[in-house]
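Here is how the chains run, residue by residue.
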Amino acid sequence: MKEMSSKTILEKGFSGAVHQYIAAIINGILGFFITVFIIRNLTISDYGIYNFLLSIVFLAMVITSFGLAPIIQRYLPEYREKKNTYVQKKIMTIALVIRFIAACVFIIILLLCTDKIMDIFHLPDYAEDTFPVIAIIILFVLESQLLGDAFLPSLFKNKYWNLSRLLYSITKFTLFYFAISFDYGVMGIVWAWLIAELIIFVLFSIKAYQIIFSHSVKKEDIIKIPFKRFINFGKFLYFYNLGYIFRDIAMDIFLLAYFIGSQAVGLYSFAYGIPFLIMSFSPGSRLRAVLYPLITRQYIRTGKQDDLVYYFRLINSIIFFSMIPIFIILMILADKIILYVFNPEYILIVNLFILSSGFLMIQQFLFPYLPILFTLEKGRLLFVGTTISVYNLVMDII
């Protein structure tokens, strides 16, 4: 395995960042069109059901995460630098097996509790038919998150990852368009979603096999795996992610469905989801997959904290000058955007739309901290930050 110099790491990081952001913009635009098309053609209630199903998938992603993706993102680059194929294989194999078992347990519980979920959250009868399909989607999404979103960027395979994501977005947009055009409703959308997830899972699996699993292990590579170190790092990030459940829109959606109904879920999903989609174009958000391995590998090589300070200042500056103008435009043109781009039925929540945009704007400035804490293995600090989740849950219920 060819050793990479600091210059090569930076070049690959910059190249990955360029590919990442261009692909992110294209994927974001396609995702934006998908969302616009769904909002304009589904009723508010059906849009609420669609977001409820999205929230179930998100819940599965968080509960079964176990800090596995951060462990891959943090330690795969390190052992890639050390040219140890054995540890790389072990990290990926164990992570995939744990995630698969956890996914199966979650799916079984979901299917056994379908009737109960239908009653508690006041879902319409047709929603019950979507649960078996959602169960399969969950399995593909959870494994793809490790194979693609964690694994490929951590080894600077951003070009392949982005092209796969682009194909995924095009497939999803095309299938969603036909599902809605032929009046298949939410059920048609869910089946289209499943096909898209299957395609990207296959693409990620092929690349993972080529990069790691097809390589033989040298005898000198076989060492004792530092599981304790991995677990100590991953466990705090897992608890951090668990806390995120109570800060994320998913918990709000579950509570709204329980107390009010799918109509309220649809309105709230629009008021928060559309600003979230727009703010996701932030460089801090889109470049995270590149920044994590880039900063980690550079720090491992040089050990200089000045590099971390440089990245922090650079990303903060980029976020400020790119996202503040977008927020101002959103605030001024919020009513016009809702009326002419989306659906006039959502105009009654324009103030909530603006408020959500403001909160999400502030959130963008948290992103530069994460790669640094990640590189320094300060997962405990991230975990402490989850205490705000308790406040969010209490205020949601009130």
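What comes next concerns the included structure. Since this is a predicted model, take the numbers as computed values, not measurements. (Residues numbered from 1 in each chain as written. Predicted model: local features only at pLDDT ≥ 70, side-chain atom pairs only at ≥ 80, totals over all residues. Heavy atoms only, no water.)

**Some points on the side chain of E197**
Thinking step 1. You can see E197 is positioned in helix α8 (residues 185-213).
Thinking step 2. Here E197 sits buried without a salt bridge, and the closest side chain of opposite charge, K172, lies 5.0 Å off (N-O distance).
Thinking step 3. If sequence neighbours within four positions are ignored, E197 has contacts with I137, F140, V141, S144 and Y168. (Helix = DSSP H or I, 4+ residues; strand = E, 2+ residues; numbered from the N terminus. Buried < 20%, exposed > 50% of the residue type's maximum accessible area, 1.4 Å probe, protein only. Lys, Arg positive; Asp, Glu negative; His and termini not counted. Salt bridge = Lys/Arg side-chain N within 4 Å of Asp/Glu carboxyl O. Contact = heavy atoms within 4.5 Å.)

**Considerations on the packing of aromatic side chains**
Thinking step 1. Within this structure, the stated rule accounts for 21 aromatic pairs.
Thinking step 2. Aromatic pair F178 and F182: ring centres 6.2 Å apart, planes at 20°, arrangement stacked.
Thinking step 3. The exposure class of F182 is exposed, given its relative accessible area of 54%.
Thinking step 4. Over the ring of Y168 we find R165; its NZ or CZ atom is 5.3 Å from the centre of that ring.
Thinking step 5. One Lys or Arg, K207, reaches over the ring of Y160 and ends 4.9 Å from the middle of that ring. (Phe/Tyr/Trp six-rings, centres within 6.5 Å; stacked < 30°, edge-to-face > 60°. Lys NZ or Arg CZ within 6 Å of the ring centre and 35° of its normal.)

**Some words on unusual backbone geometry**
Thinking step 1. Of note in this structure, F66 is not a glycine but carries a positive phi near 55°.
Thinking step 2. With respect to the helices and strands, the residue F66 is situated in the loop between α2 (44-63) and α3 (68-81).
Thinking step 3. The backbone phi angle of D183 is positive, close to 60°, even though this residue is not glycine.
Thinking step 4. In this structure D183 comes out as exposed when scored by relative accessible area, which is 68%.

**Observations regarding a nonpolar patch on the surface**
Thinking step 1. Among the surface-exposed residues, F66, I94, I98, F227 and I231 lie close enough to one another that they form a single nonpolar patch of about 420 Å² accessible area.
Thinking step 2. Those elements that provide at least two residues to the nonpolar patch are α4 (85-112) and α9 (227-247).
Thinking step 3. When you line up the elements, I98 lands in helix α4.
Thinking step 4. Residue classification places I98 among the partly exposed residues on the basis of a relative accessible area of 35%. (Patch = residues over 30% accessible without salt bridge, like charges linked within 9 Å, V, L, I, M, F, W, Y side chains within 5 Å. Areas by Shrake-Rupley, 256 points an atom, 1.4 Å probe, with all protein chains shown as cover.)

**A word on the side chain of N84**
Thinking step 1. As for its placement among the helices and strands, N84 is situated in the loop between α3 and α4.
Thinking step 2. For N84, the side chain forms a polar contact with the main-chain nitrogen of Y86, separated by 3.1 Å.
Thinking step 3. Among the polar contacts listed, one links the side chain of N84 to the backbone nitrogen of V87, at a separation of 2.9 Å.
Thinking step 4. Residues within four places of N84 in sequence aside, it is in contact with Y79, D221 and I223. (Polar contact = N/O pair within 3.5 Å; in protein donor to acceptor, adjacent residues only side chain to side chain.)

**Brief notes about the pattern of salt bridges**
Thinking step 1. Following the criterion strictly, the structure yields two salt bridges and no others.
Thinking step 2. Between D149 and R165 there is a salt bridge, and its shortest N-O distance comes to 2.9 Å. With a gap of 16 residues between them, D149 in helix α6 (residues 131-154) and R165 in helix α7 (residues 158-181) connect regions that are remote in the sequence.
Thinking step 3. Between K336 and D335 there is a salt bridge; the shortest N-O distance is 3.4 Å.
Thinking step 4. Residue K336 is classed as partly exposed on the basis of its relative accessible area, which comes to 42%.

**Considering the packing of α2 against helix α11 (residues 262-279)**
Thinking step 1. For the pair α2 and α11, interaxial distance at closest approach is 7 Å and the crossing angle is 70°. If you check the angle between α2 and α11, you find them roughly perpendicular. Across from I44, S45, Y47, G48, I49 and N51 in α2, the residues of α11 making contact are S262, Q263, V265, G266, L267, S269, F270 and I274.
Thinking step 2. The residue makeup of the contact of α2 with α11, split by class, is seven nonpolar, seven polar and no charged. (Axes fitted to C-alpha atoms, helices over the stretch in contact; angles between N-to-C directions. Parallel < 35°, antiparallel > 145°, perpendicular 65-115°, else oblique. Nonpolar A, V, L, I, M, F, W, Y, C, P; charged D, E, K, R; others polar.)

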